[in-house]
Structures are given as structure tokens and as C-alpha cells.
Amino acid sequence: MKYKQMFRVALLASALLGASLSAYAEDNKPIKVGFMLPATGTYTALGNAIENGFKLYVSEQGGKLGGRTIEYVKVDDESDPAKATDNINKLIKSDKVDVVVGTVHSGVAAAMAKVAKETKTLLFVPNAGAQAITGPMCAPNIFRSSFSNWQPGYAMGEVMAKKGIKKAVTITWKYAAGDESIKGFKDSFTKNGGEVIKDLNLPFPNVEFQALLTEIAALKPDAVYTFFAGGGAVKFVKDYKAAGLMDKIPLYGAGFLTDGTLEAQGGDAEGLQTALHYADKLDNPKDKAFRSAYETAYKDMVPDVYAVQGYDAAQMLGIGLAATNGDVSKQAELAAAIEKAEIDSPRGKFTISKAHNPVQDIYLREAKGKENVVVEVASKALADPATGCPLK
Ligand code: BEZ
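Being a predicted model, the structure only gives us computed values, none of them experimental.

A. Local environment of the packing of aromatic side chains. Summed over the entire model, instances satisfying the criterion amount to 23 aromatic pairs. Ring centres of Tyr-43 and Phe-204 lie 5.2 Å apart, and the angle between their planes is 40 degrees; this geometry places the pair in the tilted category. Highlighted residues: Tyr-43 in the loop between β1 (31-37) and α2 (44-60) and Phe-204 in the loop between β8 (195-202) and α7 (210-219), separated in sequence by 161 residues. Note on accessibility: Tyr-43 and Phe-204 belong to one class, buried. Look at Phe-236 and Tyr-240: their rings are 5.7 Å apart centre to centre, the planes differ by 45 degrees, and that puts the pair in the tilted class. In this pair, Phe-236 and Tyr-240 both sit in helix α8 (residues 230-242), four residues apart, roughly one turn of the helix. A residue is classified by how much of its surface remains accessible, and Tyr-240, at 0% relative accessible area, is buried. Linked through ring pairs, Tyr-43, Trp-173, Tyr-175, Phe-204, Phe-209, Phe-228, Phe-236 and Tyr-240 together constitute an aromatic cluster. The aromatic ring of Phe-350 is capped on one face by Arg-347, whose charged end is 4.2 Å from the ring centroid.

If you want it as C-alpha cells, here you go:
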């Protein structure tokens, strides 16, 4: 009898130990982060900088967020919206990632957001500004660490109107990022007395600008507002200068025109003023530490806005996971923690709106040598209108 009792106690103890060991193993198994970023095409450098920034923050935390080791898988999205649904489904269904981080291109990101919303997969958007993502498609499990396309455009429209510019021409790629950047610009420029006399565009990622530059020269506006980024931005600035327009018709843009591109533009962007939520060497301790850590980690590569957005996506995930002790399934707690945080970013501190888009300062910057230097804060704590988002 005594022997039987002892046997039962031993059995119970070993069952309990087994259960708690398997819970421990479950809690401590790595969190799989799936990067869906461009590794080919005009946005390649942007994707690399995002991945570098994200990994830098995680390595500063000893490789763990919320107490759990972070491991990575990745897919090249090629900035191709037609492949986006298959690519994110591969990450979620075959690679079984816990979190998706991506991407750069608005059309690709919108397709990702649809799948993330349907499958309730955590998604952190580290660049693409498509307004729908934090508008009609907003969801408790989707967050953006970057901007909405509207934000820099709106800030630049105010600046240009204040400079007394009356007639502007816009030029961009014909897709969500370009259209929404121009819309933001027009919202404030026309409200402040400006007039857009012509909208010019070409399909993404074409860089045959010549005919459009000839048209700009003929239209003779007071100034041009533009959205281009990555390799396309390098070519556009060089072509604008080569066409002899730089001294005749002042060129302005969303800051992607000169961010991460100045080296390749080889001086042709000198003096260009743009609006963005980051500038080189902001006077804050976080930015100083970030830039020095980035340059050390990536062998003298200089960080840009995309690296900052990647870094901040990891910070946001870290804030969420700290609140849930590393449990990715507790999405409501994770979202609540991010929504109430003040994120200490190299761009300056910012908060996340109910629609999950940054509320942040937009800087007016000027290209000087290889840096985009701050001129002033163009728009303080600017929030995207988040039209159509039921969460706001
Ligand atoms: C976009 O597609 O949303 C985008 C791409 C590059 C820079 C900024 C925005």
C-alpha cells in the first residue's frame, strides 16, 4: 500500500515536471521573423538597410525580444505586387513564421496586409506608405514603423506654399506611393494658395524621364514636386540636372529623393530641399548611438531612413513582446503596449496612432555633400488622417 502510494506520487511528479518542461520549451522556442523585402530591382538598397536596422536592434538586445531568441527567414519580394500573395503565404504556411516584416513597395505591402489580416498574422511594415494599410485595411495585428505616403507630401506642400511658390508641376511613378505622395502635397499646397498646373507620371519602375523633362521645361512652373526613391531617384536627379533644369525650375520632393542616394547622385542633388521624418545626424543621443553602432556593425556603411525604420520595427516588436513575455498569440496585449509607448527612435521620439501609423515630426532637410541636413521641423507631430480605419 505504502509502496503503491509512493509510486503514484512519483508518477504525478514526473508528469508535472514533463508538462512544465514542455511549456518551458514552448515559451523559449525561437520566434521566427519572416523578412519579405526587395533583394532585386530599384528598391534593393532600401530592403538591405531595413534588414540591417532590424537585426541591429535585435543584436543590441542580445539576440532576444520578450525573452525569446529571434531567428530569421527571408524572401525576395522583387517589388512585384503580382507575386506578393504567394510570397507571404509561403512565409506563413511553409516557413511557419510568427511575425512578418515587410515591405518597401506600397502595392506589395497592401497585398501582404490583406493576407496578414485574414490569417491574423503579426505584420510590421517597415517602409511602404500605402494609406490603405492604416486606413480601411487597418487591423489590430498590423503596425507600421515608417510613415504614410501622405505625411511627407503634406509637410512639403506647406513649406513650398510658404516660400511663395504659386504654380507647381508634379512628377512621379504611377502607383499608390506616388499618387498618395502627390495627394498629400496637393492637400496642403492648394489649401495655402498654390496651384498644380500638371501631374506627370510614368509606370513603376521606369526611368525614361526625357520626354517628361522636356514637358516640364515647356510648362515653366515655379517649382516641381516629386516622389521617387532608390535607384529611380538617383537617375531622376541626375537627368534633371543634365537637362539643365536644376538652376531654372527648383526641384522639391518627399525625402526619399535624396535619402540613401546622395553618394550615387554624385553632387547633382546638392542644395535640394526635401521633407522626411529623418535627417542625417539629428541632435539627439539615440541617433548618435544608432549611427555609430550601425557604422561599426556594417563596416562603415552609413544608415539612412530605411535603416531607422527597420530598427524601429524591431523596437516596436520588442515593446509588444516584453508586455506579453514573448507570447506572440496575445495580440491585444501586444498592440496595447505599442499604442501606449513613446518610441525612442533615431528620428526623435514618436508615438503610434490607434490606426498603427507613426505620429511624428517631419523635417525640412537640405542636401549638403553626402548628408541631408535639418533646416527646420516642417510639421510637428503630424498624424495621417487614417480615413476609413475603424480602429481610430
Ligand atoms: C512605397 O512604395 O510606399 C515607397 C517606396 C519607397 C520609398 C517610399 C515609399
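Here the narrative resumes.
B. Layout of the packing of α2 against helix α11 (residues 305-323). Running from amino to carboxyl end, α2 crosses α11 at an angle of 40 degrees, the nearest separation of the two axes being 6 Å. Between α2 and α11, the angle is such that the two are oblique. When the axes of α2 and α11 are compared, the crossing they make is right-handed. Across the interface between the two elements, Leu-46, Ala-49, Ile-50, Gly-53, Phe-54, Leu-56, Tyr-57, Val-58 and Glu-60 of α2 pack against Tyr-306, Ala-307, Gly-310, Tyr-311, Ala-313, Ala-314, Gln-315 and Leu-317 of α11. Residue composition of the contact of α2 with α11, grouped by class: 13 nonpolar, three polar and one charged.

C. Molecular detail of α11. Here α11 contains 19 residues, and its C-alpha end-to-end distance of 27 Å stays within 8% of the 27 Å for a straight helix at 1.5 Å per residue. α11 sits mainly inside the fold: 16 of its 19 residues count as buried. Capping of α11 at its N-terminal end is provided by Asp-304; its side-chain oxygen lies 3.1 Å from the backbone amide nitrogen of Tyr-306. One or two steps after α11, the chain reaches Asn-325, where phi turns positive at roughly 55 degrees.

D. Broad picture of unusual backbone geometry. Cis geometry marks the peptide bond from Gly-102 to Thr-103, where omega comes out at 0 degrees. With respect to the helices and strands, Thr-103 occurs in the loop between β4 (99-101) and α4 (106-119). With an omega dihedral of 0 degrees, the bond running from Phe-204 to Pro-205 counts as a cis peptide bond. Mapped onto the elements, Pro-205 comes out in the loop between β8 and α7. With phi around 75 degrees, His-356 is a residue other than glycine that occupies positive phi space.

E. Spatial organisation of helix α5 (residues 150-162). The terminal C-alpha atoms of α5 lie 19 Å apart, and with 13 residues this matches the ideal 18 Å at 1.5 Å per residue to within 8%. Most of α5 sits out of view: 11 of its 13 residues are buried. Buried-residue contacts for α5 involve α6 (176-191), β9 (223-227), β10 (251-254), β11 (273-276), β13 (358-368) and β14 (371-382). Just beyond α5, the residue with positive phi is Gly-164, at close to 90 degrees.

F. Spatial organisation of the pattern of salt bridges. The final tally for this structure, using the stated rule, is 21 salt bridges. A salt bridge links Lys-167 to Glu-195; its shortest N-O distance comes to 3.0 Å. Remark: Glu-195 occurs in strand β8 and Lys-167 occurs in strand β7 (residues 167-173); sequence separation between them is 28 residues. Residue Glu-195 is classed as partly exposed on the basis of its relative accessible area, which comes to 40%. Note that Asp-199 and Lys-186 form a salt bridge whose closest N and O atoms lie 2.5 Å from each other. Linking Asp-199 in strand β8 with Lys-186 in helix α6, this pair joins segments that are 13 residues apart in sequence. For Asp-199, a relative accessible area of 37% translates into the label partly exposed. Looking at Lys-186, the relative accessible area reads 26%, which means it is partly exposed. Taken together, the shared-partner salt bridges connect Glu-51, Lys-55 and Lys-74 into one network.

G. Structural view of the confidence of the model for the protein chain. Looking at the protein chain as a whole, the pLDDT averages 94, with 93% of positions reaching at least 70. Note that residues 6-25 has pLDDT below 50 and, in this model, zero contacts with residues that lie over four places away or in other chains.

H. Region of interest: the sheet that holds β4. The six strands lie next to each other as β2-β3-β1-β4-β5-β6, forming an open sheet whose pairing is mixed. Bordering the open sheet on either side are β2 (64-65) and β6 (142-144), each of which pairs with just one other strand. The strands touched by helix α3 (residues 81-94) within the sheet are β1, β3 (68-76) and β4, with β1 carrying the most contacts at an inclination of about 165 degrees.

I. Inspection of the pairing of β1 at higher detail. In terms of residue burial, β1 counts as a mostly covered element, since six of its seven residues are buried. Pairing of β1 with β3, which is carried by seven bridges, proceeds in the parallel orientation. Considered in β3, the bridge of Met-36 is made with Val-75. Bridge count for β1 against β4 is three bridges, and the pairing is parallel. Note that in β4 the partner of Gly-34 across the bridge is Val-100.

Rules used throughout
Residues numbered from 1 in each chain as written. Predicted model: local features only at pLDDT ≥ 70, side-chain atom pairs only at ≥ 80, totals over all residues. Heavy atoms only, no water. Phe/Tyr/Trp six-rings, centres within 6.5 Å; stacked < 30°, edge-to-face > 60°. Helix = DSSP H or I, 4+ residues; strand = E, 2+ residues; numbered from the N terminus. Buried < 20%, exposed > 50% of the residue type's maximum accessible area, 1.4 Å probe, protein only. Lys NZ or Arg CZ within 6 Å of the ring centre and 35° of its normal. Axes fitted to C-alpha atoms, helices over the stretch in contact; angles between N-to-C directions. Parallel < 35°, antiparallel > 145°, perpendicular 65-115°, else oblique. Left-handed = near helix turned anticlockwise from the far one by under 90°. Contact = heavy atoms within 4.5 Å. Nonpolar A, V, L, I, M, F, W, Y, C, P; charged D, E, K, R; others polar. Expected span 1.5 Å × (residues − 1). Polar contact = N/O pair within 3.5 Å; in protein donor to acceptor, adjacent residues only side chain to side chain. Salt bridge = Lys/Arg side-chain N within 4 Å of Asp/Glu carboxyl O. pLDDT = per-residue confidence, 0-100. Pairing = 2+ DSSP bridges.

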